[in-house]
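Here is how the chains run, residue by residue.
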Amino acid sequence: MSKGKQKILFEVQENETIDMCLDRIKKAGYMPVKRTEKPIFEEIKNGATVTYEPVGRQIIFEAKVIQS
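Cut-off values and rules
- Residues numbered from 1 in each chain as written.
- Predicted model: local features only at pLDDT ≥ 70, side-chain atom pairs only at ≥ 80, totals over all residues.
- Heavy atoms only, no water.
- Pairing = 2+ DSSP bridges.
- Helix = DSSP H or I, 4+ residues; strand = E, 2+ residues; numbered from the N terminus.
- Axes fitted to C-alpha atoms, helices over the stretch in contact; angles between N-to-C directions.
- Salt bridge = Lys/Arg side-chain N within 4 Å of Asp/Glu carboxyl O.
- Buried < 20%, exposed > 50% of the residue type's maximum accessible area, 1.4 Å probe, protein only.

A short note on the sheet that holds strand β3 (residues 49-65)
- Taken in spatial order, the three strands of this open sheet run β1-β3-β2, and their pairing is antiparallel. Each of the sheet's edge strands pairs with one partner strand only, and the pair in question is β1 (7-11) and β2 (30-46). Taking the axes of each pair of neighbouring strands and ignoring which way they run, one obtains an average angle of 30 degrees across the sheet.
- Across five bridges, the pairing between β1 and β3 is antiparallel. Pairing of K7 across the sheet is with K64, part of β3.

Focus on the pattern of salt bridges
- Going through the model one piece at a time under the given rule, you end up with five salt bridges.
- For the salt bridge of R35 with E37, the shortest nitrogen-to-oxygen distance reads 2.5 Å.
- For the salt bridge of K45 with E43, the shortest nitrogen-to-oxygen distance reads 3.9 Å.
- Residue E43 is classed as partly exposed on the basis of its relative accessible area, which comes to 44%.

Written out as structure tokens, the structure reads:
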């Protein structure tokens with residue numbers, strides 16, 4: 001077993017599709033094993049009330065090294 005990182009996180013960038021991110025993971029020599037999505041909220045203040053509106057999402061892939 002090598003001494004390098006066995007697991008690494010890859011985030012889908014702002015102007016990148018999921019397929020582009022998966023290609024980037026494969027080129028780096030890793031295989032995705034888990035996908036996590038986190039919502040991104042924006043705080044909106046209307047007088048004394050504060051509401052939170054979803055404005056996007058963050059997609060993160062956990063990948064492990066491909067054994068050759």
